[in-house]
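# Close look at the chain arrangement
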Amino acid sequence: MSIAVVVPAEILGIILPLLLGVAFLVLAERKVMAFVQRRKGPDVVGSFGLLQPLADGSKMILKESISPSSANFSLFRMAPVATFMLSLVARAVVPFDYGMVLSDLNIGLLYLFSISSLGVYGIITAGRSSN
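What comes next is a walk through the structure. Just so you know, these numbers come straight off a predicted model, no measurement behind them.

A count of helices and strands for the protein gives 5 helices and 0 strands. In sequence order, the protein lays out its α and β elements as α-α-α-α-α. A compact globule built from 131 residues should have a C-alpha radius of gyration of about 14 Å, whereas the protein, at 19 Å, is more than 25% larger. Projected onto the principal axes, the alpha-carbon positions of the protein cover approximately 50 × 45 × 30 Å.

Here it is, written out as structure tokens:
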């Protein structure tokens with residue numbers, strides 16, 4: 001196989017389990033919160049509430065996008081994308097198993113700290129573009 005096919009497959013092999021894990025951790029949190037607050041939880045969507053993360057994702061995608069009228073539209077929309085992409089790029093040096101790391105850098109810890117500190121700029125950009 002060529003290198004052009006192997007690298008995206010490795011990236012998907014790391015990112016998809018992370019995103020699915022986050023979705024089902026949110027489901028677990030919602031179930032615990034429903035138990036603590038003595039109300040019905042997400043069990044009404046599918047068997048044992050397993051379709052709740054899909055319902056949440058589709059609601060987020062289909063939601064009406066609202067932006068301030070005086071905002072710089074392109075900066076306001078790109079700021080959350082930049083923050084999300086930087087959080088995913090920071091995972092490139094985190095080893096998930098022996099030999100299962102996307103990029104084996106000698107300065108991995110420095111890379112991780114520098115990329116994670118850049119995520120703040122997305123929040124600052126979103127706030128500044130709404131003025």
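There's more to say after this.
Attention shifts here to the layout of surface pockets. Empty space left among the atoms is revealed by rolling a probe the size of a water molecule over them. There is about 720 Å³ of room inside the largest pocket. Lining the largest pocket are 24 residues, with Asp 56, Gly 57, Met 60, Ile 61 and Phe 84 positioned closest to its centre. The set of elements that each furnish at least two residues to the lining of the largest pocket consists of α1 (3-36), α2 (52-62) and α3 (73-89). The residue makeup of the lining of the largest pocket, split by class, is 16 nonpolar, 5 polar and 3 charged.

This part takes up α3. With 17 residues, α3 extends 25 Å from end C-alpha to end C-alpha; this agrees with the ideal 24 Å at 1.5 Å per step. Roughly 25 degrees is the biggest bend found in α3, and it falls at Ala 79, with proline Pro 80 one to four residues downstream. All of the buried residues along α3 are Phe 76, Ala 79 and Leu 88.

For the rest of this paragraph, the subject is the environment of Thr 125. Here Thr 125 shows up in helix α5 (residues 120-129). With 62 residues separating them in the primary sequence, Thr 125 and Lys 63 have C-alpha atoms 22 Å apart. Among all residues touching Thr 125, those that are not within four sequence positions of it are Leu 75 and Ala 79. Polar side-chain contacts of Thr 125 include one of 2.6 Å to the backbone oxygen of Tyr 121.

Turning to the side chain of Ser 129, a few remarks are in order. Position of Ser 129 relative to the elements: it lies in helix α5. In this view, Ser 129 contacts Ser 70, Ala 71, Asn 72, Leu 75 and Phe 76; residues no more than four positions away in its chain are not counted.

On the surface, Leu 19, Met 78, Val 81, Phe 84 and Met 85 cluster together to form a nonpolar patch covering roughly 460 Å² of accessible area. Sort the elements by how many residues they give to the nonpolar patch and α3 lands first, with 4 residues. Mapped onto the elements, Met 78 comes out in helix α3.

The rules we used
Residues numbered from 1 in each chain as written. Predicted model: local features only at pLDDT ≥ 70, side-chain atom pairs only at ≥ 80, totals over all residues. Heavy atoms only, no water. Helix = DSSP H or I, 4+ residues; strand = E, 2+ residues; numbered from the N terminus. Rg over C-alpha atoms; globule rule 2.2 N^0.38 Å. 1 Å grid on protein atoms, 1.4 Å probe; cavity = no way out; pocket = protein on both sides within 12 Å on 5 of 7 lines; lining within 4 Å. Points joined across faces, edges and corners; volume = space filled by probe spheres on them. Nonpolar A, V, L, I, M, F, W, Y, C, P; charged D, E, K, R; others polar. Expected span 1.5 Å × (residues − 1). Bend = angle between axes of the 7 residues up to and from the residue. Buried < 20%, exposed > 50% of the residue type's maximum accessible area, 1.4 Å probe, protein only. Contact = heavy atoms within 4.5 Å. Polar contact = N/O pair within 3.5 Å; in protein donor to acceptor, adjacent residues only side chain to side chain. Patch = residues over 30% accessible without salt bridge, like charges linked within 9 Å, V, L, I, M, F, W, Y side chains within 5 Å. Areas by Shrake-Rupley, 256 points an atom, 1.4 Å probe, with all protein chains shown as cover. Salt bridge = Lys/Arg side-chain N within 4 Å of Asp/Glu carboxyl O.

That's the geometry; what it means functionally is another story.
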